[in-house]
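Secondary and tertiary structure notes
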Amino acid sequence: MQAFIDFPESEDAPGRWRARFADPTEVLTAWHPGEVEAVLRRVQAHAEAGRWCLGALAYEAAGAFDASLPTHAPLPGWPLARFAVFDRALPWAETGERHSGSRCTPWSFSMPRELYGRRVERAREAMAAGECYQVNLTGALEAEFSGDVAQWMARMQAAQPGGYLLRLDWGDQQILSASPELFFDWRPQPAGGRLVCRPMKGTAPRHVDPVLDEQARRQLLESAKERAENVMIVDLLRNDLGRIAQPGSVQVPKLFELQALPTVWQMTSTVTARTRPGTGLSAVFGALFPCGSVTGAPKVRAMHWIRELEDGPRGIYCGAIGVLRPGGAATFNVPIRTTTLEATGGKLSWSARYGVGSGVTFCANAQAEWQELAAKARLLELSTQAFDLLETLRLEDGNYWLIEAHLARMARSAAYFGFPWNRAEVWELLQALAQSHPTSTYRVRLTLAPSGRADAQAIAMEPSAEPVLFALARQALDTQAADHEFVVHKTTRRDHYESRLRGESGLFDTLLVNERGELTEFTRGNVALRIAGKWLTPALHCGLLAGTLRADLLARGRIAEAVLLPADLERAEEVAFFNSVRGWLRAQLLVRSK
């Protein structure tokens, strides 16, 4: 049994604290509600005696602290609470290359979109009847994973840096948590301890386009709905803290702060208190658990509706995962962005489960809530799918087209995904390739692995006969869902493109449409339509790759952005396919989508 932790150094200072723990001296487990508080008391005693304790509580442990908090029965085979006790902390070594043969089946959600929508409406009906003000409605994504769990955790760290990351290795059960949310940080003192909670409530998706990203940030910050949702939970936590706080000590020093996570903007607030002398860890959990940000308000009635609307137990998801340091200081996250694994055939085959949810209020819109689930699930695509960054360049007589733009785009993607980037090494690699191919025209395939290793290959290229023929994709691409990162960044993960390619003889490429029926791009290049004498290309917010030739033509005023629909193909005077490898090609629609 092992544990690995990557937490902020403290709540008041920058820096990270990373450690590994192995060979526990004792493992404390609670299988029944009546055993949970005893486990917490023993954990606190071990910490006060100078030992490290790392572990987790399942959401279904709520009844151990208050019998009025309803939940489903626990997940079979998973404890309500488990902590391992260690004598010392060890260095957490890097795992090296972040993917080496791991495989993950497609993730399937526990309820269809239509069923989820009906449950959102049922929650709204309960609120209209005065039952509650907010219900956190969740479901689970499930898949089968084969590979090295340590490498998966390394990819989660890269995809979701910062926050409260922790891996618990319980043998045939594993927990990988990349949670950005602090449940509580408690520093006990004889005269009363300092307690900090930082609930998250209010979410908006991130965008690669800085203008759209800033717009999303501002809309979240100014949203009356999101602010109301956040303050409901702040008030709930203030009330919970009041049960163990010294009179007058509960404060809200920070309200409606925005945190920039890789896939979402998240609204947070900070609530603090001084705990009463003699308060123990069990009392802290008794006052706060489960965190109000994953229940709704009022807590008891919201949990009733959670049990009514959700199909089964949440398990560790929405419970608590954390550490007690020698002396008794305790830091726990709220296990969102958290995967649980159960062995299915040896140490390399696992059944994986990942919970996602959103806070439903009376003003909720089922479609918007569904998109929020998709945004929160993007971490799975970033951490379980092996991919390299990709750029394709035109090398003509020893010279590259738009090389600076290509390197800048790869550098931005490397920063986004957490890949090491050494521009000098990549430049040297490309120049050596150019010197070995001084004549003729080539398509150069430049890749960057998660380790930072770059590779480049040159493939001879012949001119394309014009007009090139294309067809419309039969299936729309949901550009704001799980594939979002792989639409707006160029990588070797291209399933979403390949699956939409039309196979008719003679086709050069397939033109894609988004979930709103707007044109976006070809699978291998951008599109432009000449309408009323002006060349127009789909706007970035339609969901497409920011092509390097596209950016160059926009900067020179040769093309302009617009929202284009399939019907615009019929009134277009001309259509063009273009990218920085093939250049500008006249295009013709061969097969019209039915």
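Here, every reference points to the structure presented above.
The text that follows walks through the structure, step by step, so that each part is easy to find.

Cut-offs and rules
- Residues numbered from 1 in each chain as written.
- Predicted model: local features only at pLDDT ≥ 70, side-chain atom pairs only at ≥ 80, totals over all residues.
- Heavy atoms only, no water.
- Helix = DSSP H or I, 4+ residues; strand = E, 2+ residues; numbered from the N terminus.
- Rg over C-alpha atoms; globule rule 2.2 N^0.38 Å.
- Buried < 20%, exposed > 50% of the residue type's maximum accessible area, 1.4 Å probe, protein only.
- Contact = heavy atoms within 4.5 Å.
- Areas by Shrake-Rupley, 256 points an atom, 1.4 Å probe, with all protein chains shown as cover.
- Lys, Arg positive; Asp, Glu negative; His and termini not counted.
- Charge placed at Lys NZ, Arg CZ, Asp CG, Glu CD.
- Pairing = 2+ DSSP bridges.
- Phe/Tyr/Trp six-rings, centres within 6.5 Å; stacked < 30°, edge-to-face > 60°.
- Lys NZ or Arg CZ within 6 Å of the ring centre and 35° of its normal.
- Core = buried A, V, L, I, M, F, W, Y, C linked by side-chain atoms within 4.5 Å.
- Axes fitted to C-alpha atoms, helices over the stretch in contact; angles between N-to-C directions.
- Parallel < 35°, antiparallel > 145°, perpendicular 65-115°, else oblique.
- Nonpolar A, V, L, I, M, F, W, Y, C, P; charged D, E, K, R; others polar.
- Expected span 1.5 Å × (residues − 1).
- Arc of directions from axis to C-beta.
- Salt bridge = Lys/Arg side-chain N within 4 Å of Asp/Glu carboxyl O.

**Observations concerning the overall build of the protein**
A count of helical and extended segments in the protein gives 14 helices and 32 strands. Here the C-alpha radius of gyration of the protein, 26 Å, is about what a compact globule of 594 residues would show, namely 25 Å. Here the C-alpha coordinates of the protein stretch approximately 80 × 55 × 45 Å along the principal axes. The buried share of the protein, taken over its 594 residues, is 57%. In the protein, of all internal contacts separated by at least 6 residues, the share reaching a separation of at least 24 is 73%. For the protein, the accessible area works out to roughly 23600 Å², and carbon and sulfur atoms hold 50% of it. Across the protein, 66 positive and 67 negative side-chain charges occur, with their mean positions spaced 1 Å apart.

**Section: unusual backbone geometry**
In this structure, Pro290 follows Phe289 across a cis peptide bond, with omega equal to -15°. Locating Pro290 in the fold gives a position in the loop between helix H6 (281-288) and strand E16 (296-297). Cis geometry marks the peptide bond from Ala297 to Pro298, where omega comes out at -15°. Here Pro298 shows up in the loop between E16 and helix H7 (299-309). A positive phi angle, close to 50°, is found at Asp397, a residue other than glycine. Mapped onto the secondary structure, Asp397 falls in the loop between strand E21 (389-396) and strand E22 (399-400). Classification of Asp397 by relative accessible area gives partly exposed; the value is 48%.

**Thoughts on the environment of Met127**
Tracing the backbone through its elements, the reader meets Met127 in helix H2 (residues 113-128). Each C-alpha atom of the pair Met127 and Arg238 lies 22 Å from the other, and the pair is 111 residues apart in sequence. Ignoring sequence-local partners within four residues, the contact set of Met127 consists of Cys132, Tyr133, Gln134, Val135, Val360, Thr361 and Phe362.

**Remarks on the pairing of strand E8 (residues 134-146)**
Within a regular strand, the side chains alternate between the two sheet faces. The element E8 is largely enclosed, with a buried count of ten among its 13 residues. Note: strand E6 (residues 103-104) against E8, two bridges, orientation antiparallel. By the bridge assignment for E8, Cys104 is matched with Phe145. Bridge count between E8 and E16: two bridges; the pairing is antiparallel. Residue pairing across strands places Val135 opposite Gly296, the latter belonging to E16. Where E8 meets strand E20 (residues 349-360), twelve bridges bridge the pair, whose relative direction is antiparallel. Across the sheet, the residue bridging to Val135 is Val360, located in E20.

**What to know about the environment of Met232**
The residue Met232 is located in helix H5 (residues 224-241) in this model. Remark: the alpha-carbon pair of Met232 and Tyr59, spanning 173 residues in sequence, is separated by 20 Å. Dropping the residues within four chain positions of it, Met232 is found in contact with Tyr133 and Gln134.

**Comments concerning the packing of aromatic side chains**
Under the counting rule described, the total for this entry stands at 26 aromatic pairs. Geometrically, the ring pair formed by Phe387 and Phe419 is stacked, given 5.7 Å between the ring centres and 25° between the ring planes. Separated by 32 residues along the polypeptide, Phe387 in the loop between helix H8 (366-384) and E21 and Phe419 in the loop between helix H9 (403-417) and helix H10 (423-435) bring together distant segments of the chain. With relative accessibility at 5%, the residue Phe387 sits in the buried group. Each residue in the set Phe65, Phe83, Phe183, Phe184, Phe285, Phe289 and Phe332 is aromatic and connected to the rest through ring pairs, giving one cluster. The ring of Trp170 has Arg82 lying over it, and the distance from NZ or CZ to the ring centre is 5.0 Å. One Lys or Arg, Arg524, reaches over the ring of Phe508 and ends 4.6 Å from the middle of that ring.

**A few points about the nonpolar core**
Core analysis: the biggest nonpolar cluster contains 113 residues, and Leu57, Phe183, Phe184 and Phe285 have the highest contact counts within it. Top contributing element to this core by residue count: H8, with six residues. Ignoring sequence-local partners within four residues, the contact set of Leu57 consists of Val36, Leu40, Phe65, Leu80, Ala81, Phe83, Phe285, Phe289, Ile316, Gly319 and Ala320.

**Things to note about the sheet that holds strand E23 (residues 441-448)**
What the four strands build is an open sheet, ordered E22-E21-E23-E24; its pairing is antiparallel. At either end of the open sheet lies a strand with only one pairing partner, and these are E22 and strand E24 (454-460). Strands in contact with H9 are E21, E22 and E23; relative to E21, the strand with the most contacts, it is inclined by about 175°. In the packing of H10 onto the sheet, contacts are made with E21, E22, E23 and E24, and the angle to E24 comes to roughly 25°.

**As for the pairing of strand E25 (residues 468-472)**
Among the five residues in E25, four count as buried, and that is most of the element. As paired strands, E25 and strand E26 (residues 509-513) are joined by three bridges and run parallel to one another. In the sheet register, Ala471 faces E26, and the bridge partner there is Thr510.

**What to know about the packing of helix H1 (residues 33-48) against H6**
Relative placement of two packed helices is described by the angle separating their axes and the distance separating the axes. The geometry of H1 relative to H6 is characterised by a closest axis approach of 8 Å and an angle of 135° between their N-to-C directions. The angle between H1 and H6 falls in the class oblique. Counted together, Glu37, Leu40, Val43 and Gln44 of H1 and Leu281, Ser282 and Phe285 of H6 form the full contact between these two elements. A class-by-class count of the residues in the contact of H1 with H6 yields four nonpolar, two polar and one charged.

**Observations concerning H9**
With 15 residues, H9 extends 21 Å from end C-alpha to end C-alpha; this agrees with the ideal 21 Å at 1.5 Å per step. Within H9 the residues assigned to the buried category are Ile403, His406, Leu407, Arg409, Met410, Ser413, Ala414 and Phe417. All buried residues of H9 project into a common sector of 160° when viewed along the axis, lining one side. In H9, the exposed positions that point more than 90 degrees away from the buried face belong to Arg412 and Ala415.

**A closer look at the pattern of salt bridges**
Taken as a whole, this structure holds 36 salt bridges when the rule is applied. Measuring nitrogen to oxygen at the nearest pair gives 2.8 Å for the salt bridge that ties Asp311 to Arg119. With a gap of 192 residues between them, Asp311 in the loop between H7 and strand E17 (320-324) and Arg119 in helix H2 connect regions that are remote in the sequence. Sharing partners across several salt bridges, the network here consists of Glu214, Arg217, Arg218 and Glu222.

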